[in-house]
Amino acid sequence: MLLDVKNLAVTYAKSAAPTIQDVSFELDAGEILAIVGESGSGKTTVIRAILNLLPGGGKVSDGTIIFDGKNLAELDNSGWRKLRGGDISMIFQDSGAMLNPVHTIGKQFVEYIQVHSELDKTAAREMALEKLTLMNLPNPENILNSYTFELSGGMRQRVGIAMAITFQPKLLLADEPTSALDVTTQAQIVGELMFITRGSGAAMIIVTHNLGVASYLSDKLIVMSQGKIVEAGATEVVVENPQHAYTKTLLASVPEMGRARYV
């Protein structure tokens, strides 16, 4: 087992009640888990807790997170620096917003590679070009010389994914990676994410409000509402035979065409 989350609860400094509570799931290498639910249901908090990136004084107040046999609560700052970007990487909703707008993509990508390796600048730049090429970005050399505002949303997202997969992480965390993109680009990004995870044997947790994306991508599905898991299981089982009223409501909200629901 690669990841074992048990009875996870997260509390923020100004709140007495946990934002999420009693969240438990398991994930094996090569599996894709989708977490779905409305805004504010706690989806993003779950994956940020795994990577110890909770904002606003948030902290894990209960439960355990075991990754690759290690209790993540026992890691010090040095341990987290080695883990983040190496064994676990995160793809953000808008990767462009996570990059420095006053530096070129190349400067930031090369620095990122050098922080996590012993490569010199030349070798690091070659690695960056290789990863951008893998993401089907046209003229990757030009991408490296560009600033974030010079790239489209889809291109920025591909840069973020390229950086996230640089060191072949065992676990990818994707926070609404397609929600800010047009439908055509969404389909391309989803295909590339599947290619990466299936091809490398990495596991992935994708947070999304799009049930179509979740059902297409994932092996397992978790449905969250008001900080709790209301339904979980194999994706096909949950989609075809939902048990909880909230899950049924989510599925009913998916548009139909010709009396067929595309989820």
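This write-up is about the structure you can find in this document. By convention here, each chain's residues receive numbers from 1 onward along its written sequence. For this predicted model, a pLDDT threshold of at least 70 governs which residues receive local features, and a threshold of 80 or more governs which side-chain atom pairs are given and counted, while totals over whole chains, interfaces and linings are taken from all residues. The side-chain quantities take in all heavy atoms of the structure and omit both hydrogens and water.

### What to know about helix α4 (residues 121-134)
Working definition: helices are DSSP H or I runs of at least four residues, strands are E runs of at least two. Numbering for both runs from the N terminus. For a helix, the expected span equals 1.5 Å multiplied by the residue count minus one. Counted at 1.5 Å a residue, the expected span for α4 with its 14 residues is 20 Å, and the 20 Å between its end C-alpha atoms agrees. Each residue gets one of three labels from its accessible area relative to the maximum for its type: buried under 20%, exposed over 50%, partly exposed in between, using a 1.4 Å probe on protein chains only. All buried positions along α4 are accounted for by Ala 124, Ala 128, Leu 129, Lys 131 and Leu 132. The arc that holds the buried residues of α4, viewed along the axis, is 165 degrees, so those residues lie on one side. Relative to its buried face, α4 has exposed residues pointing more than 90 degrees away, namely Thr 122 and Glu 130. On its buried face, α4 is in contact with α3 (105-115), α5 (140-144) and α6 (153-164). Backbone nitrogen of Thr 122 and a side-chain oxygen of the N-cap are separated by 3.2 Å at the start of α4; the cap is Asp 120. Immediately downstream of α4, the backbone of Asn 136 shows phi near 60 degrees, a positive value. It is the directions from the helix axis to the C-beta atoms whose arc is reported. It only takes one pair of heavy atoms within 4.5 Å for two residues to be counted as in contact. Side-chain atoms alone can form a polar contact between residues adjacent in sequence; in general such a contact is a pair of N or O atoms within 3.5 Å, and within protein one must be able to donate a hydrogen while the other accepts it.

### Re the sheet that holds strand β4 (residues 59-67)
Pairing is antiparallel across the open sheet formed by four strands, whose spatial order is β2-β1-β4-β5. Two strands bound the open sheet, and with one partner strand each, they are β2 (20-27) and β5 (70-71). Here seven bridges tie strand β1 (residues 3-11) to β4, and the two strands are oriented antiparallel to one another. Residue pairing across strands places Ala 9 opposite Asp 62, the latter belonging to β4. Running at roughly 65 degrees to β2, helix α1 (residues 43-50) makes contact with β1, β2 and β4 of the sheet. When DSSP finds at least two bridges between two strands, those strands are taken to pair. Under this scheme, a helix contributes an axis fitted over its contacting stretch, all axes are lines through C-alpha atoms, and angles between N-to-C directions fall in the 0 to 180 degree range.

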